[in-house]
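Residues per chain are reported as follows:
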Amino acid sequence: MAKLCLALDLPSEKAKEVLFSLKGYPLVIKVGYKLFISHHRAITDLVKELGFELFLDLKLHDIPNTVKEGVLSARDLGADYLTLHILSGKQALREAVKVKGNTKLLGVSVLTSLTEEDLEDLGFCSSLEEEVVRLVSLGMSEGIDGVVCSGLEAPKIKDLFPHAFVVVPGVRFRGDEVQDQKRVLFLEDLPKGVVDMVVMGRSLLENLRRIDRALEILHER
Ligand SMILES: O=c1ccn([C@@H]2O[C@H](COP(=O)(O)O)[C@@H](O)[C@H]2O)c(=O)[nH]1
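Residues numbered from 1 in each chain as written. Predicted model: local features only at pLDDT ≥ 70, side-chain atom pairs only at ≥ 80, totals over all residues.

By nearness alone, 16 residues border the ligand, and Ala7, Thr112, Pro169, Gly201 and Arg202 come closest of all. Of all the elements in the fold, those that place two or more residues in the shell around the ligand are strand E10 (197-200) and helix H8 (202-205). Residues that form the shell around the ligand fall into these classes: seven nonpolar, six polar and three charged. (Near = placed C-beta within 6 Å. Helix = DSSP H or I, 4+ residues; strand = E, 2+ residues; numbered from the N terminus. Nonpolar A, V, L, I, M, F, W, Y, C, P; charged D, E, K, R; others polar.)

What follows concerns the UniProt feature "binding site: substrate" (unreviewed entry) in the chain. With numbering aligned to this structure, UniProt lists the feature "binding site: substrate" (unreviewed entry) at Asp9, Lys30, Thr112, Arg172, Gln181, Gly201 and Arg202. Within the element layout of this structure, Asp9 appears in the loop between strand E1 (3-7) and helix H1 (12-21). For Asp9, a count of 16 C-beta atoms within 10 Å corresponds to the partly exposed category. Apart from the residues within four sequence positions on either side, Asp9 is in contact with Gly32, Lys34 and Gly201. With respect to the helices, strands and loops of the structure, Gly201 is situated in the loop between E10 and H8. Take Gly201: there are 20 C-beta atoms within 10 Å of it, and that puts it in the buried class. In this structure, Gly201 is in contact with Ala7 and Asp9, ignoring residues within four places of it in sequence. (UniProt positions renumbered as here; feature names shortened; annotations may be inferred. Buried ≥ 20, exposed ≤ 12 C-beta atoms within 10 Å, placed from the backbone. Contact = placed C-beta atoms within 7 Å.)

It is worth spelling out the UniProt feature "active site" (unreviewed entry) in the chain at this point. Those residues carrying the UniProt feature "active site" (unreviewed entry) are Asp57, Lys59 and Asp62 in this numbering. Its location among the elements puts Asp57 in strand E3 (residues 53-60). Setting aside chain neighbours within four positions, we find Asp57 in contact with Lys30, Val31, Gly32 and Thr83. Residue position: Lys59 is located in strand E3.

By secondary structure assignment, the location of Leu27 is in strand E2 (residues 27-31). Under the C-beta neighbour-count criterion, Leu27 is labelled buried, with 24 such atoms within 10 Å. Separated by 41 residues in sequence, Leu27 and Lys68 have C-alpha atoms that sit 27 Å apart. Apart from the residues lying within four places of it in its own chain, the contact partners of Leu27 are Leu4, Cys5, Leu6, Leu22 and Phe52.

Here we come to the pairing of strand E7 (residues 165-168). In this structure, strand E6 (residues 146-148) lies alongside E7, joined through three bridges in parallel fashion. Bridging across to E7, Gly146 finds its partner in Phe165. Handedness of the crossover joining E6 and E7 through helix H7 (residues 154-160): right-handed. Of the pairings in the sheet, the one linking E7 to E10 comprises two bridges and is parallel in character. Bridge pairing in E10 links Val167 to Met197. (Pairing = 2+ DSSP bridges. Right-handed = clockwise from strand over helix to strand, strands pointing away.)

Written as structure tokens, this is what we have:
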């Protein structure tokens with residue numbers, strides 16, 4: 001069964017309230033810019049103390065030494081998962097892998113908010129799927145643990161890289177607003193045996209009772 005990750009993109013007081021209310025749920029909690037930049041250890045320690053797995057979504061994108069130092073700091077915080085951009089390049093990925101310890105490194109391929117047209121604007125020449133495959137191939141050959149891609153590319157990625165831990169954000173319940181996400185997977189259409197972790201933020205945060213429904217759907221697969 002795929003894990004369910006809650007993207008805790010909330011102000012700190014609300015985030016703490018949500019964490020306490022979800023104690024005991026089998027969830028991975030994703031801490032991103034909104035909370036981490038202002039509250040760092042206060043929030044990551046609480047996630048761990050309450051027994052959740054900690055996903056630090058900092059999408060490191062920098063020179064090799066800076067990425068390495070970032071990975072070391074995330075490891076000190078007890079991060080179970082950490083994101084970094086595969087576009088940081090081979091050497092940065094290599095340095096990150098050397099020091100990752102028990103932290104799973106997840107390489108971001110192409111953000112789920114981007115389209116083919118966006119990639120063209122950025123000067124990429126291949127198709128979006130080709131770009132995702134190329135980046136994932138590079139990341140996996142450098143020894144990262146898994147990748148972040150959309151649900152549209154996930155079946156291909158799992159097929160080509162069966163050992164990759166495949167993480168899919170941009171997930172909604174059928175009928176929900178997709179907001180700024182462009183390559184969206186509806187949870188009800190989740191393919192079997194392809195995705196290792198589903199990331200959902202706003203669709204769950206608008207009503208926490210929807211977490212039960214998400215877990216039920218994941219159980220059925
Ligand atoms: O390609 C990516 C990488 C990361 N994210 C993050 O996932 C959540 C999605 O939130 P929703 O509210 O469910 O849209 C958010 O924290 C992003 O930073 C992503 O969406 N796409």
